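Notes for the structure review
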Amino acid sequence: LIICPAAAAIIAGGNSAVVIGLWPAHFFWTYYCVSKSKRLGWILKILVLLLLPVPLILWPVVAIVASILGGICYGFFSPLIATFEAVGESVKEKWKHCFLDGCWSTLEDSCTLVRDFMDFCFHSYFSYMDELREEVHEHEQPMEIQLSMIPGGFLVAILAVPVDVPLITAIALWKSPYMLFRGWKRLLEDLVGREGPFLESVCVPFAGLAIFLWPLAVIGAVLAAFFSSFFLGLYGGVVVIEEGSLQMGLAYIVAVISLFDEYCNDLLYLREGRPRYRKNKNNTNEIERGKSIEQDGSKSLKLVSEGSRTVKRAIQHYTPMQVWDWLFKSCEVNGKSLLHEGLINVEDVQDCILKGNCKKLSIKLPAWSILQCLLKSSKSNSSGLVLSEHMELTLTNFPRDRLFDWFLAPLLTMKEQVKGLNLEENEEVFLKKLVMVCKNDIPEQWDDTGFPSGDKVRVAQLQAVIRRLQGIVGSMSRLPTFRRRFKNLVKVLYIEAIQMGLSLPGDSGPSRSGFGGGFPLGRRKSEEGSLGSAHERVSDMV
């Protein structure tokens with residue numbers, strides 16, 4: 001109750017200021033990029049321009065309301081969870097930690113949330129818009145819709161709403177008692193056996209509260225089904241345009257009701273099959289199939305409940321923060337090494353901070369760090385990715401985050417590709433220069449680099465791996481967490497450059513071979529020797 005108002009004020013006030021301050025730029029820049037985009041056909045572009053005011057006007061309202069609600073929830077539950085964590089067996093001075101834990105850390109994390117949100121709105125948004133304005137390849141066709149299908153799409157959307165909304169809502173209401181009692185049954189079983197949400201001591205109070213608040217969850221599920229039914233119905237218009245057929249759109253109106261019913265049955269482990277309408281003749285196959293599904297559902301619930309404790313103790317999942325820490329620690333080590341080798345110079349750091357030209361540091365440097373990981377993993381016969389001597393990521397211990405799932409499968413595929421190339425030691429050493437300096441678009445760009453292998457197919461495969469890595473890193477660079485950590489990385493590299501004795505513009509001392517240029521700051525060489533002076537120069541630069 002004490003921390004919640006302050007944390008909510010920080011998150012709601014900071015995010016609202018960011019949204020309102022950048023909204024005019026977002027509004028006009030979105031229209032400009034869409035109008036200049038060559039990835040959209042003329043018909044689709046005109047349609048998007050006509051519909052853009054709706055999301056652009058709703059964006060500030062939704063963002064501000066979500067920030068207020070999110071700030072209240074985070075400010076209340078973060079200190080509350082920290083209080084229950086303080087009563088753990090490994091915590092000393094529990095009385096003190098019950099009051100202090102979660103207070104200052106919640107306020108700091110609230111400021112971090114605002115900073116990440118600002119990075120997303122300022123950096124990630126403009127990055128997406130720049131990608132929208134990029135030139136399309138020769139073999140790539142712009143996205144387009146058939147003008148003749150637009151009236152049919154509107155017709156199906158209009159017909160689908162009055163049909164799908166009441167029927168989907170009726171299904172949700174009909175299934176809600178099953179959800180209520182089956183949920184209570186599962187929670188009470190976990191309470192008695194100390195499994196599931198009752199496994200961890202810190203979760204016991206909240207899991208017990210969930211038993212009493214479960215009816216609210218059921219009501220929320222029904223309301224969610226009601227509101228989502230509008231979007232499910234309107235999607236029928238998209239189906240008409242995608243399939244180019246009015247008949248497919250009309251079929252979707254009926255099919256989506258069946259899909260929603262099947263989804264509810266799978267979620268609640270209900271038996272499928274049509275109702276019995278004869279006394280003596282039964283649809284044996286469907287009834288047996290329904291019984292099998294119901295038995296499998298109850299068995300799986302029981303197996304999950306019984307085995308959750310063993311599995312949790314056997315498998316320790318890495319957290320996303322651990323993966324981010326490894327990536328940027330690796331970038332820091334490799335960045336310092338590349339500074340000494342001359343593959344990164346002080347001008348690259350200067351251009352990144354003063355001009356925003358950060359491709360070499362934000363894309364190529366992390367790509368080389370990940371490629372080193374792939375090379376190490378391919379030699380170790382590991383089923384996953386070897387990050388360090390004591391850290392290995394596999395499909396079983398990878399962070400349980402949907403975002404990381406998007407990156408794991410491509411990296412594992414590229415690891416097998418690198419393993420199949422059987423690179424020699426001199427080729428691996430030479431890859432460092434090729435990743436950091438070359439464009440890697442066509443094999444001919446490596447002709448004058450001195451790469452040991454002259455096989456064009458082998459070179460093309462390596463270039464494809466490098467391009468994919470740079471594409472993955474480019475997607476990761478739009479994440480707010482990446483942006484915040486990357487700024488710290490640039491500061492570390494700048495301090496390292498100063499400590500190496502590089503001369504800056506305005507200094508009379510000689511410059512070190514392999515490095516050129518510097519930062520336009522008016523300090524003397526005598527000040528560059530100390531680490532405190534380096535921090536002052538970074539602050540002045542920022």
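No experiment lies behind these values; they were computed from the predicted model shown. (Residues numbered from 1 in each chain as written. Predicted model: local features only at pLDDT ≥ 70, side-chain atom pairs only at ≥ 80, totals over all residues. Heavy atoms only, no water.)

1. Focus on the overall build of the chain
What counts, and what does not: Going along the chain from the N terminus, every DSSP run of H or I of four or more residues is numbered as a helix, and every run of E of two or more is numbered as a strand. Using a 1.4 Å probe on the protein chains alone, a residue whose accessible area is under 20% of its type maximum counts as buried, one over 50% counts as exposed, and one in between counts as partly exposed. Residue contacts are defined here by distance: any two heavy atoms, one from each residue, within 4.5 Å place the two residues in contact. Per-residue and other accessible areas were derived by the Shrake-Rupley procedure at a 1.4 Å probe size, with only the shown protein chains allowed to occlude residues.
The helix and strand inventory of the chain stands at 17 helices and two strands. With 542 residues in all, the chain has 40% of them scored as buried. Considering only contacts in the chain between residues 6 or more positions apart, those separated by 24 or more positions represent 72%. Just so you have it, the chain exposes about 31400 Å², and 63% of that area is on carbon and sulfur atoms.

2. What to know about the UniProt feature "transmembrane region" (unreviewed entry) in the chain
Inclusion rule: UniProt positions are given in the numbering used here, feature names are shortened, and annotations may be inferred rather than shown by experiment.
Here, the residues flagged by UniProt with the feature "transmembrane region" (unreviewed entry) are residues 6–34, 46–77, 152–174 and 211–238. Annotation note: span residues 152–174, helix share 100%, strand share 0%, distance between end C-alpha atoms 33 Å. Secondary structure across residues 211–238 comprises 100% helix and 0% strand; the distance between its end C-alpha atoms is 40 Å.

3. A closer look at the pattern of salt bridges
Just so we agree on the cut-off: Take a side-chain nitrogen of Lys or Arg and a carboxyl oxygen of Asp or Glu: if they are within 4 Å of each other, that pair is a salt bridge.
Applying the stated criterion across every chain, the model contains 15 salt bridges. One salt bridge connects Glu341 with Lys432, and the closest N-O pair in it is separated by 3.1 Å. Here Glu341, found in helix α10 (residues 320–341), pairs with Lys432, found in helix α14 (residues 425–437); they are 91 residues apart in sequence, far enough to count as distant. A residue is classified by how much of its surface remains accessible, and Lys432, at 17% relative accessible area, is buried. Residues Lys379 and Glu428 are paired through a salt bridge, measuring 2.9 Å at the closest nitrogen-oxygen approach. Linking Lys379 in helix α12 (residues 359–379) with Glu428 in helix α14, this pair joins segments that are 49 residues apart in sequence.

4. Looking at the packing of α14 against helix α15 (residues 456–476)
Rules: Interaxial angles span 0 to 180 degrees and are taken between N-to-C directions of axes, which are lines fitted to C-alpha atoms, for helices over the stretch in contact. Oblique is the label for any angle not covered by the other classes, which are roughly parallel (under 35 degrees), roughly antiparallel (over 145) and roughly perpendicular (65 to 115). Handedness of a crossing follows from how the near helix is turned relative to the far one, being left-handed for an anticlockwise turn of less than a right angle and right-handed for a clockwise one. Note that Gly is not counted as nonpolar here; it falls among the polar residues with everything else outside the nonpolar set of Ala, Val, Leu, Ile, Met, Phe, Trp, Tyr, Cys and Pro and the charged set of Asp, Glu, Lys and Arg.
Between α14 and α15, the least distance of the axes is 12 Å, while the angle of their chain directions is 55°. In terms of orientation, α14 and α15 fall into the oblique class. α14 and α15 meet at a crossing whose hand is right-handed. Along the contact surface, α14 presents Glu427, Leu431 and Val435, while α15 presents Arg458, Leu462, Ile466 and Gln470. When its residues are assigned to classes, the contact of α14 with α15 shows four nonpolar, one polar and two charged.

5. Digging into the nonpolar core
Defined as follows: Among buried residues, the Ala, Val, Leu, Ile, Met, Phe, Trp, Tyr and Cys ones that are joined through side-chain atoms within 4.5 Å form a nonpolar core.
Among the nonpolar cores identified, the biggest contains 63 residues, and Leu371, Leu385, Leu431, Trp446, Leu469 and Phe486 are the most heavily contacted of them. Counting residues per element, this core draws most heavily on α12, at ten residues. Other than its neighbours up to four places away in sequence, Phe486 contacts Phe328, Cys352, Cys358, Leu361 and Ser362. Cys33, Leu52, Leu56 and Tyr125 belong to the second largest nonpolar core, which has eleven residues in total.

6. Focus on the state of the cysteines
Threshold: In what follows, a disulfide is any cysteine sulfur pair within 2.5 Å.
A complete count under the given rule lists one disulfide for this structure. Across the disulfide from Cys352 sits Cys358; the S-S distance is 2.2 Å. Between Cys352 and Cys358, the S-S dihedral sits near 95°, and the bridge is therefore right-handed. Of the two residues examined, Cys352 and Cys358, each falls in the buried class.

7. Concerning the packing of aromatic side chains
Test applied: Centre distance within 6.5 Å is the pairing criterion for rings of Phe, Tyr and Trp, where only the six-membered ring of Trp is used; planes under 30 degrees apart are then read as stacked, over 60 as edge-to-face, and the remainder as tilted.
This model, assessed by the stated rule, comprises 17 aromatic pairs. Relative to Phe230, the ring of Phe226 has its centre 5.3 Å away and its plane inclined at 90°; by these criteria the two rings are edge-to-face. With Phe226 and Phe230 both in helix α7 (residues 204–243) and four residues apart, the pair spans about one turn of that helix.

8. Regarding unusual backbone geometry
In this model, Asn422 sits at a positive phi of 50°, which is unusual for a non-glycine residue. Within the secondary structure, Asn422 sits in the loop between α13 (402–421) and α14.

9. As for the packing of α12 against α15
It is the contact of α12 with α15, at a shortest axis distance of 9 Å, that shows an interaxial angle of 120°. Judged on the interaxial angle alone, α15 and α12 are oblique. α12 and α15 meet at a crossing whose hand is right-handed. For the pair formed by α12 and α15, the contact residues are Ser362, Ile363, Lys364, Pro366, Ala367, Ile370, Leu371 and Leu374 on the first element and Val465, Leu469, Gln470, Val473 and Gly474 on the second.

10. Things to note about a nonpolar patch on the surface
Rule in force here: Patch membership requires more than 30% relative accessible area and the absence of a salt bridge. Residues of like charge join within 9 Å; the nonpolar side chains Val, Leu, Ile, Met, Phe, Trp and Tyr join within 5 Å.
Nonpolar side chains collect at one region of the surface, where Leu209, Phe212, Leu213, Leu216, Ile219, Leu223, Phe226, Phe227, Phe230 and Phe231 lie side by side and expose about 1100 Å² of accessible area between them. Mapped onto the elements, Leu216 comes out in helix α7. Residue Leu216 is classed as exposed on the basis of its relative accessible area of 55%.

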